[in-house]
Amino acid sequence: MVFDVDPVKAGQGGSRWAGQEIGKVPGGKAGVTALAEAFGRDGQKVLAAAWAADAPPRLRTLTQVEILRRVWVHHYYWDARGRLRWRDGHALPPASLRFDSPYDTDAHYCVKRDTAWSGYRTHFTETCTSELPEVVVHVATTIAPVQDGELTAQIHGDLAAMDLTPAEHAVDAAYVSPTQIERAQRVHGITLLGPVVPDHSHQAKSGDGFDKAAFTIDWDHRRATCPQGNLSRERRNLPSQHTSGVARGAGDERPLSPEPQGPVNSVAGGRCLGEGLRRSATNLLYDEPNEAVR
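Sequence order as written defines residue numbering, which begins from 1 separately in each chain. The model is predicted, so local features are restricted to residues of pLDDT at least 70 and side-chain atom pairs to those at 80 or more, both for listing and for counting; the totals for chains, interfaces and linings are taken over all residues. The side-chain numbers reported here are obtained from all heavy atoms of the structure, hydrogens and water having been left aside.

(A) Summary view of the overall build of the protein. Each helix corresponds to a stretch of at least 4 residues labelled H or I by DSSP, and each strand to a stretch of at least 2 residues labelled E; elements are numbered beginning at the N terminus. Within the protein, the regular secondary structure consists of seven helices and 16 strands. Scored against the burial criterion, the 294 residues of the protein give a buried share of 32%. Note on contacts: a residue pair is in contact if any heavy atoms of the two residues lie within 4.5 Å. A sequence separation of at least 24 residues applies to 43% of the contacts in the protein between residues at least 6 apart. Accessible surface is estimated by sampling points in the Shrake-Rupley manner with a 1.4 Å probe; for residues, cover comes only from the protein chains shown. Accessible area for the protein stands at about 18100 Å²; split by element, carbon and sulfur atoms hold 53% of it. Only protein chains enter the accessibility calculation, which uses a 1.4 Å probe. A residue is then buried if its area is under 20% of the maximum for its type, exposed if over 50%, and partly exposed in between.

As structure tokens, this is what we get:
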């Protein structure tokens, strides 16, 4: 990280330095904080002058002043004693709301697996017909924090608008879900090909319990039946980025699969709940068309 700011005149004609690398700031973390807050006070003086009653109103509309104001909102706050403080990394606004460079306010920070960057995210769609040249037919660019799966429907809509709808569209796992597979076929007649993200629940990972696939769903009556024959007693729709509906099957004040003796932490009960839990709840993702895709 680099403090890349212009020197601001301060005190008796002195100036602060620019381009100071954090690793070279004397005093360690405390020194870094002190320097950042010194920059903050300098910038605040500029903002206060721009918003002074006798300042020309046009100053506040300058692009440079607006960028400075937004940077200071992102990186500083006033504490309870009225002192300007530098936000640490955990107190910053979300990356989707915060730009990383005053020279490019569309550049945002993002991390994907082991890669971190500031900038954009670009999605290319190209032909892959055997024995023919591979041609890029669509490019979509977003701010970096926008996830890949959020672009699937937009890409299909853009391709359809250009009369370039493919019969099959091969994508990686980030672009595909049961809902997206069903929608691509229903809306555009596209067969969306790609690996669907598996069930990551504790039961599915450990292999010692009942995962979502173990439940039988009665879509007409909106009920789920666990492998021991117990029925869910309610269904609620929950918001989900990757589904058009989420059924939540909740049991009563006992495990869905009790042993005859009825202890809460019974072997079968633990398969649904885990040790010591008294109320069972299983999120059954996907509505009926999506479950069929799954």
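(B) Highlighting unusual backbone geometry. With a phi close to 55 degrees, Arg 113 is a non-glycine residue in the positive phi region. Positionally, Arg 113 belongs in the loop between β8 (104–112) and β9 (115–126). With phi around 65 degrees, Glu 131 is a residue other than glycine that occupies positive phi space. Relative to the assigned elements, Glu 131 resides in the loop between β9 and β10 (136–143). Take Glu 131: its relative accessible area is 84%, and that puts it in the exposed class.

(C) Inspection of the sheet that holds β9 at higher detail. Spatial strand order, β7-β8-β9-β10: four strands in an open sheet with antiparallel pairing. Since the sheet does not close on itself, it has two edges, and those belong to β7 (99–101) and β10, each with one partner. Direction aside, neighbouring strands of the sheet carry axes that sit 60 degrees apart on average. When DSSP locates at least two bridges between a pair of strands, those strands are taken to pair. When β7 meets β8, the two strands line up antiparallel, connected through two bridges. Paired with Ser 101 across the strands is Asp 104, a residue of β8. Interaxial angles span 0 to 180 degrees and are taken between N-to-C directions of axes, which are lines fitted to C-alpha atoms, for helices over the stretch in contact. Relative to the sheet, helix α3 (residues 152–161) contacts β9 and β10, its axis offset from that of β10 by approximately 140 degrees.

(D) Structural detail: the confidence of the model for the protein. With 70% of its residues at a pLDDT of 70 or more, the protein has an overall mean of 77. Each residue carries a pLDDT score, the predictor's own confidence in it, on a scale running from 0 to 100. Contacts from residues 241–270, a stretch scored under 50 in pLDDT, to residues over four places away or in other chains number 84 contacts.

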